[in-house]
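# Overview (structure and organization)
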There are 2 protein chains.
Amino acid sequence: MIFYYGDKMNNFNEWFHNILEEAEIIDSRYPIKGMSVWLPRGFQIRKHMLNTLEELLDVDHEEVLFPMLIPESELAKEAIHVKGFEDEAYWVTKGGKRELNEQLALRPTSETSMYPMFSLWVRSHMDLPIKVYQTVNTFRYETKHTRPLIRVREITTFNETHTVHATVQEAVEEVEAGIEIYKTFFDELGIPYSISKRPEWDKFPGSLYTMAFDMIMPDGKTLQIGTVHNLGTTFAKTFDIQYENDEGEHELAHQTCYGLSDRVIAAVIAAHGDEKGLCLPPVIAPEQVIIVPIIFKEKEDMVLEFTDKLEEQLSSAGIRVKQDKRDIRPGKKYYEWEQRGVPLRIEVGPRDIENNKIVLIRRDNGNKDFVDYDSTTIIDTINDTLDSITDNLKTNANKFQDNKTFIVDNLDQVKKTINKKGGIVKFNWCGNTDCGKQMEEEFDIDVLGTQEADIEDKKCIHCGEDAHFMALVSKTY
Amino acid sequence: MIFYYGDKMNNFNEWFHNILEEAEIIDSRYPIKGMSVWLPRGFQIRKHMLNTLEELLDVDHEEVLFPMLIPESELAKEAIHVKGFEDEAYWVTKGGKRELNEQLALRPTSETSMYPMFSLWVRSHMDLPIKVYQTVNTFRYETKHTRPLIRVREITTFNETHTVHATVQEAVEEVEAGIEIYKTFFDELGIPYSISKRPEWDKFPGSLYTMAFDMIMPDGKTLQIGTVHNLGTTFAKTFDIQYENDEGEHELAHQTCYGLSDRVIAAVIAAHGDEKGLCLPPVIAPEQVIIVPIIFKEKEDMVLEFTDKLEEQLSSAGIRVKQDKRDIRPGKKYYEWEQRGVPLRIEVGPRDIENNKIVLIRRDNGNKDFVDYDSTTIIDTINDTLDSITDNLKTNANKFQDNKTFIVDNLDQVKKTINKKGGIVKFNWCGNTDCGKQMEEEFDIDVLGTQEADIEDKKCIHCGEDAHFMALVSKTY
């Protein structure tokens with residue numbers, strides 16, 4: 001019986017939920033709303049995802065780990081920041097049966113746990129820059145409808161980078177560096193994105209500005225998948241992060257922070273999955289290759305001898321490979337590994353061995369390839385195929401995002417396009433907060449942000465003032 | 001100026017605190033008592049420690065991740081268990097400004113978050129065994145004096161394994177397997193231990209029995225560094241973890257769990273550190289080898305050419321190596337890397353190169369060895385030296401534990417030995433709870449537990465009843 005995942009495009013929720021369950025990624029039946037269990041297969045995907053990200057961060061950042069609880073007095077210090085988070089912080093008020101003297105927040109994000117320590121760490125310009133990151137669980141008391149991996153109350157996988165610099169210029173450069181890291185990371189996972197500068201009213205509370213990555217989901221709504229913030233000196237002022245410069249004067253430090261979450265896994269699933277279930281890019285697949293020996297009674301030894309050798313060979317070359325020797329129909333095996341999103345399947349039967357062939361079946365496009373087995377070139381062949389799968393997944397996902405991104409030149413089209421086609425709509429905009437907020441209300445959309453564009457003598461399509469940017473608008477998660 | 005760490009044996013606290021600070025392991029100035037920050041160097045040690053452990057667990061267990069919050073109703077379900085933890089659980093009572101309908105505990109340990117899910121996962125004997133582990137942060141509202149890594153309120157590194165089995169026998173075997181894993185793990189880190197079965201009144205709340213690993217610290221008190229529990233069917237009853245056997249009857253599952261924490265790092269520091277600071281076993285050292293080129297003005301290129309090649313060669317062989325090219329006195333470099341516990345230092349100067357020699361200096365015993373540089377054998381030489389360091393650290397640490405473990409045959413000696421020499425005192429014991437608790441009070445010691453021994457016709461040295469075990473007693477952390 002073939003499992004029906006539902007219609008990815010027209011009923012994304014059902015399809016997504018089914019994937020999480022059938023591919024054994026998470027179990028969302030935990031007895032607290034908005035909190036889920038990472039199952040072994042999901043955990044492995046998460047781990048490879050984090051390894052991929054951390055390899056990029058490790059080039060120029062160091063990993064640390066800060067406490068999970070934040071005293072109310074610290075969280076409340078930065079007035080604008082706390083306003084952004086106070087309604088969604090969980091509060092610990094009791095230890096055992098005793099009331100605590102001061103209530104403690106479960107970190108909603110870690111600025112206010114880290115920056116009091118940065119204040120101790122930074123004395124002179126010699127202590128700068130600080131460039132650290134951590135991967136932790138954070139908590140948001142979401143009152144909106146929760147959705148596994150997308151809108152959760154425990155973000156189990158919050159990867160946050162925090163940096164401190166001596167100059168404005170270095171902070172700006174770090175924002176650019178953060179954007180480049182995320183671009184590389186999303187590209188490796190084949191996740192498409194549009195980058196924009198969030199509007200004033202939607203930037204990170206306490207920041208100068210926020211650069212954001214948004215992916216268009218199958219249902220046409222956008223999902224924020226990463227943000228990079230220039231914090232200026234706001235937090236340095238609040239938490240007293242000062243350094244002595246060469247002249248012996250005290251100066252405020254300049255800061256940035258950027259983050260990603262579990263949503264990356266949601267984005268991968270949404271970008272590449274299909275009617276057969278999960279489809280994983282090789283870089284994060286727990287098994288990149290599954291070998292299925294086709295066993296007939298008399299030829300069993302011959303086949304297994306071959307597939308064991310093949311498995312050993314791929315494994316030695318650093319390819320994550322598994323062989324499925326279970327005594328069940330090959331068809332059932334194919335079906336299961338396809339559901340689980342394994343990028344490449346190798347089938348080997350007695351006749352293949354006689355003909356010195358192996359069969360490669362790609363998960364991304366279903367192509368079946370009979371290739372000559374040559375022990376000196378097989379690793380290259382497999383690696384090339386895996387690379388080709390990565391490229392194809394990325395190309396298709398980017399195509400979807402491009403095809404769902406529309407440039408329009410009048411207001412009518414904004415609403416029509418969003419409602420009929422979904423996706424991101426771009427147009428000339430003045431950039432004013434009043435104008436933007438009015439649009440959001442009128443059209444029931446969100447202004448994702450702005451991109452610089454070559455706009456000369458153009459007018460804002462909403463208010464008619466001079467246009468300064470391209471606005472990106474969409475329905476959002 | 002040489003930093004004075006304090007007297008490891010006579011003022012362990014001061015010495016330990018200084019190591020944490022000077023070797024940049026954790027910063028304990030976080031504004032909540034009992035919660036600390038892992039600094040970049042400490043984080044790397046922690047990471048290698050976890051990799052070492054997880055490699056052992058991964059052979060037969062799968063990694064998962066459960067939510068951090070536990071509803072009060074779940075935590076309270078198992079009556080004996082909750083009694084053991086209710087006084088030290090932190091409680092979340094508010095989300096934003098709202099009171100929650102049900103208060104949520106920060107996990108003190110994860111039985112009650114995992115087992116409601118196991119109940120859903122287990123249907124038939126085909127679903128068994130379940131063997132999973134996770135590494136998470138857990139919380140204890142400690143009212144006792146806190147101490148970094150040893151007695152903390154946020155255990156940032158709780159590695160806990162949980163298993164479910166169809167039969168009693170399998171659960172017993174898993175307990176044995178868990179003990180073997182921990183033995184191998186501690187051996188790799190050169191951490192000495194005594195294993196005993198905790199007395200009835202000190203076993204894990206809700207378990208049948210608890211096997212525990214204790215290390216004798218420099219001050220003579222013992223530190224519990226790992227525990228393995230046979231949970232029997234207690235939790236299976238409470239959380240309804242039942243399976244259908246071959247005959248279609250429902251049976252309760254048998255469970256085990258075992259865990260380790262941040263204390264492993266404390267144990268490593270305590271076991272191997274000395275008056276020069278931290279001393280790390282190679283398996284968890286962020287840098288296993290530090291290369292210090294001795295640079296003289298005219299010979300700089302020649303030396304760096306050689307050390308660059310050497311670094312590259314070691315690195316390719318999978319050795320974690322770093323080269324210190326900073327423009328400061330070599331003596332200062334030696335001192336710093338010794339403080340940080342790097343197992344092996346390689347010094348190379350122009351004359352060494354001319355003589356085709358390199359100098360190996362071991363951190364564990366300070367031995368200085370001039371070895372011939374031969375590119376075909378150098379990797380073996382380095383690896384052999386690293387192995388020898390591991391062995392030496394382990395041998396010395398075990399010797400300390402052995403020398404501090406005393407067998408006595410009368411009550412007088414128990415108290416005298418503990419007070420004068422510290423460590424673990426062993427003697428013939430009846431095993432009765434009343435007798436044991438009385439001893440604990442009389443002598444101001446803790447009964448760690450019992451070991452099986454060949455005791456025939458011997459009497460309990462305390463109450464005079466028949467002896468059944470060797471008791472292990474000590475002062476404890």
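Residues numbered from 1 in each chain as written. Chains lettered and ligands numbered in written order. Predicted model: local features only at pLDDT ≥ 70, side-chain atom pairs only at ≥ 80, totals over all residues. Heavy atoms only, no water.

### Thoughts on the environment of Thr-377 of chain B
Within the element layout of this structure, Thr-377 of chain B appears in the loop between β19 (368-372) and α12 (378-403). Look at Thr-377 of chain B and you get partly exposed, because its relative accessible area is 35%. (Helix = DSSP H or I, 4+ residues; strand = E, 2+ residues; numbered from the N terminus. Buried < 20%, exposed > 50% of the residue type's maximum accessible area, 1.4 Å probe, protein only.)

### Thoughts on helix α6 (residues 168-189) of chain B
All names here are of chain B. Its 22 residues give α6 an end-to-end C-alpha distance of 32 Å, which sits within 8% of 32 Å, the value for a rise of 1.5 Å per residue. Within the sequence span of α6, burial applies to Ala-171, Glu-174, Val-175, Gly-178, Ile-179, Ile-181, Tyr-182, Phe-185, Phe-186 and Leu-189. Taken end-on, α6 shows its buried residues confined to a sector of 160°, consistent with a single buried face. Once α6 finishes, Gly-190 follows within two positions and takes phi at roughly 65°, a positive value. (Expected span 1.5 Å × (residues − 1). Arc of directions from axis to C-beta.)

### A few points about a negative patch on the surface
Together, Asp-246, Glu-247, Glu-249 and Glu-251 of chain A make up a negatively charged patch on the protein surface. Tracing the chain through its elements places Glu-249 of chain A in the loop between β12 (242-244) and β13 (250-252). (Patch = residues over 30% accessible without salt bridge, like charges linked within 9 Å, V, L, I, M, F, W, Y side chains within 5 Å. Areas by Shrake-Rupley, 256 points an atom, 1.4 Å probe, with all protein chains shown as cover. Salt bridge = Lys/Arg side-chain N within 4 Å of Asp/Glu carboxyl O. Lys, Arg positive; Asp, Glu negative; His and termini not counted. Charge placed at Lys NZ, Arg CZ, Asp CG, Glu CD.)

### Brief notes about the sheet that holds strand β16 (residues 321-323) of chain A
Residues and elements named next belong to chain A. Spatially, 5 strands are ordered β16-β15-β17-β18-β19 in an open sheet, and the strand pairing comes out mixed. On the outer flanks of this sheet lie β16 and β19 (368-372), each paired with one strand and no other. Neighbouring strand axes in the sheet, compared pairwise and without regard to direction, differ in orientation by 25° on average. In terms of strand pairing, strand β15 (residues 289-293) meets strand β17 (residues 344-348) through 5 bridges, oriented parallel. Residue pairing across strands places Ile-290 opposite Arg-345, the latter belonging to β17. In the packing of helix α12 (residues 378-403) onto the sheet, the strands contacted are β15, β17 and β18 (357-362), and the crossing angle to β18 comes to about 15°. (Pairing = 2+ DSSP bridges. Axes fitted to C-alpha atoms, helices over the stretch in contact; angles between N-to-C directions. Contact = heavy atoms within 4.5 Å.)

### Some points on the nonpolar core
Leu-69, Leu-106 and Phe-118 of chain A together with Leu-69, Leu-106 and Phe-118 of chain B are the most contacted members of the largest nonpolar core, which has 86 residues in total. Once residues lying within four places of it in the same chain are set aside, the contact partners of Leu-69 of chain B are Tyr-30, Ile-32, Met-35, Leu-106 and Phe-139 of chain A together with Val-92, Leu-104, Ala-105 and Leu-106 of chain B. One finds Phe-12, Ile-26, Met-211 and Phe-213 of chain A within the second-largest nonpolar core, a separate group that totals 58 residues. (Core = buried A, V, L, I, M, F, W, Y, C linked by side-chain atoms within 4.5 Å.)

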